Amino acid sequence: MGDAAGVGPEVIAKAWAASRESDAVVVGDVGVMRRALRCCGIALSVAQLDRPDEEVPAGAMGVWSPPGLPDLSTLPWGRIDARAGAAAAVCIEAAVGAIQSGAGRGLVTAPIHKEALHAAGVHFPGHTEMLQSLTQSPAVRMMLVNRELRVVLVTVHQSLRSACDAVTREAVLTTLRLLQPAMVRWFGVAQPRIAVAGLNPHAGEGGLFGDEDLREIAPAIADAQALGWDASGPHAPDTVFMRARQGAFDAVVAMTHDQGLIPVKYLGLDEGVNLTLGLPWVRTSPDHGTAFDLAGSGRADPASFRAAWDFARQLTP
């Protein structure tokens, strides 16, 4: 359900009311989900489940409340609260455990708030890193997808200063190793054309604006090409996304969080989906945050969550 003080429960409620899916279960607090339905003016019954794989009654929203949830009955809307952070962590851990036990095929996560997680003593930068730890996955990467772009990030939730140091030959090649099979398996592109963005302006301009592009990124691209993959670059970051939209590339590897996410989010949040590469199963999420300014208003747009849900179902037939 994501952060209970944010818009996660509301977008879940709206998406569920529109679809009435019977093979999905909300991992969250029953009271929070009932509050979200009331807030959105949706007349939908909530079935409290004893197990995550329990059959959901027809026409109802199935909610499994895992053990260890804090009391959220007095939780305010739209504020950082340690209780919400703790509940989000409990739900994530429980959902992962349920999938690992065979009770689910994939995971769709509503937005969490990183400060609330930290207030609860859960010191992960975000969902991606927490899921990597829980599944003991050697490497994971964040991929953002919409109708016009597919972008994978080499670095994610860290300061820009430290991210520049984290752009190494190994990190770039690891990203390509995760992206190449994902493009084949999940997107049906047999020979994906992958553009690798540079780190510096104009991809370093031959070393005039920094040598990371020549020293770290270019060798990783050469490694990928030696494996028979159609990887190219480093390309100038200010034009590579435009070229991808025009059809020159099937996916773009971006070096830092904002370098990759700004062009995707500029195209709109309603269709954007976050897909995690490197996990043993499918995980998607909407391309937006907790939106505390909208929480409790009933006005949150469920389109991105719905897109994430539909994409997860598409990848887990």
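In this text, all values refer to a predicted model and were calculated from it rather than measured experimentally. (Residues numbered from 1 in each chain as written. Predicted model: local features only at pLDDT ≥ 70, side-chain atom pairs only at ≥ 80, totals over all residues. Heavy atoms only, no water.)

1. Let's talk about the overall build of the chain
Operational definition: Only DSSP runs of H or I reaching four residues or more are called helices, and only runs of E reaching two or more are called strands; each is numbered from the N terminus. We take the radius of gyration over the C-alpha atoms and set the globule estimate at 2.2 Å times the residue count to the 0.38 power. Relative accessibility decides the category of a residue: with a 1.4 Å probe and only protein chains considered, values under 20% of the type maximum give buried, values over 50% give exposed, and everything between is partly exposed. Per-residue and other accessible areas follow the Shrake-Rupley method at a 1.4 Å probe size, with only the shown protein chains counted as cover for residues. The positive count covers Lys and Arg only, the negative count covers Asp and Glu only, and His and the chain ends enter neither. Note on charges: their place is set at NZ of Lys, CZ of Arg, CG of Asp or CD of Glu.
The number of helices and strands found in the chain is eleven helices and eleven strands. Against the 2.2 N^0.38 benchmark of 20 Å for 317 residues, the chain shows a C-alpha radius of gyration of 20 Å, consistent with a compact globule. Overall, the C-alpha framework of the chain stretches about 60 × 35 × 35 Å when taken along its three principal axes. Every one of the 317 residues in the chain was classed for burial, and the buried ones make up 54%. Element-wise, carbon and sulfur atoms account for 50% of the exposed surface of the chain, whose accessible area totals about 13,600 Å². If you average the places of the 26 positive and of the 33 negative side-chain charges in the chain, the two averages end up 4 Å apart.

2. Looking at the sheet that holds strand β4 (residues 106-108)
Applied cut-off: Here, a strand pair is defined by DSSP locating no fewer than two bridges between the strands. Note on geometry: axes are C-alpha line fits, over the in-contact stretch for helices, and angles between N-to-C directions span 0 to 180 degrees.
Spatially, the eight strands line up as an open sheet ordered β4-β11-β10-β5-β6-β9-β7-β8, and their pairing is mixed. What marks the edges here is a single partner per strand, and that holds for β4 and β8 (230-235). With strand direction ignored, the average angle separating the axes of adjacent strands in the sheet is 25 degrees. Both strand β5 (residues 141-145) and strand β10 (residues 273-277) contribute to a ladder of five bridges, which runs antiparallel.

3. Observations regarding helix α5 (residues 127-135)
Here is the rule: Residue contacts follow a heavy-atom distance rule, with two residues in contact if any of their heavy atoms lie within 4.5 Å.
Every buried residue of α5 is accounted for by His-127, Thr-128, Glu-129, Met-130, Leu-131 and Thr-135. Close packing links the buried residues of α5 with α3 (82-100), β4, β5, β10 and β11 (282-286). Gln-136 lies just past α5 and shows a positive phi near 55 degrees.

4. Observations concerning the domain arrangement of the chain
Operational definition: Domain start and end points were adopted from an automatic or database domain assignment. Two parts placed together each lose some accessible area under a 1.4 Å probe, and adding up what both lose gives the buried area. Each reported salt bridge corresponds to a side-chain nitrogen of Lys or Arg within 4 Å of a carboxyl oxygen of Asp or Glu. Polar contacts, as used here, are pairs of N or O atoms within 3.5 Å; protein pairs need one atom able to donate a hydrogen and one able to accept it. Residues neighboring in sequence count only if both atoms are side-chain atoms. Three classes are used: nonpolar for Ala, Val, Leu, Ile, Met, Phe, Trp, Tyr, Cys and Pro, charged for Asp, Glu, Lys and Arg, and polar for all others, with Gly counted as polar.
Domain assignment breaks the chain into domain 1 (7-137 + 279-315) and domain 2 (141-267). A C-alpha centroid distance of 30 Å is found between domain 1 and domain 2. Listed as interface residues are nine residues of domain 1 and, on the opposing side, eight residues of domain 2. Buried surface at the junction of domain 1 and domain 2, both sides included, amounts to about 740 Å², of which 64% is carbon and sulfur. Our count for the contact surface shared by domain 1 and domain 2 stands at one salt bridge. Counting across the interface, domain 1 meets domain 2 through one residue pair in polar contact (both at pLDDT 80 or more). Contributions of two or more residues to the side of domain 1 that touches domain 2 are made by α5 and α11 (303-315). For the side of domain 1 that touches domain 2, a count of residues per class yields four nonpolar, two polar and three charged.

5. A closer look at the nonpolar core
Let me state the cut-off plainly: In these notes, a set of buried Ala, Val, Leu, Ile, Met, Phe, Trp, Tyr and Cys residues joined through side-chain atoms within 4.5 Å is what counts as a nonpolar core.
Met-1, Ile-12, Trp-16, Val-26 and Met-61 are the most contacted members of the largest nonpolar core, which has 58 residues in total. Broken down by secondary-structure element, the contributors of at least two residues to this core are α1 (8-19), β1 (26-27), α2 (30-39), β2 (46-49), β3 (61-64), α3, α5 and α11. Sort the elements by how many residues they give to this core and α3 lands first, with twelve residues. In this view, Ile-12 contacts Met-1, Val-26, Met-33, Met-61, Ala-110 and Phe-305; residues no more than four positions away in its chain are not counted.

6. Notes on the packing of α3 against α5
Which entries qualify depends on this criterion: Angles are sorted into four bins: roughly parallel if under 35 degrees, roughly antiparallel if over 145, roughly perpendicular if 65 to 115, and oblique for all others. Crossing handedness follows the turn of the near helix against the far one: under a right angle anticlockwise gives a left-handed crossing, and clockwise gives a right-handed one.
Packing of α3 against α5 brings their axes to within 11 Å, and their N-to-C directions diverge by 45 degrees. For the element pair α3 / α5, the angle class is oblique. The way α3 lies across α5 gives a crossing that is right-handed. In contact with Ala-89, Ile-92, Glu-93, Val-96 and Gln-100 of α3, α5 contributes His-127, Met-130, Leu-131, Leu-134 and Thr-135.

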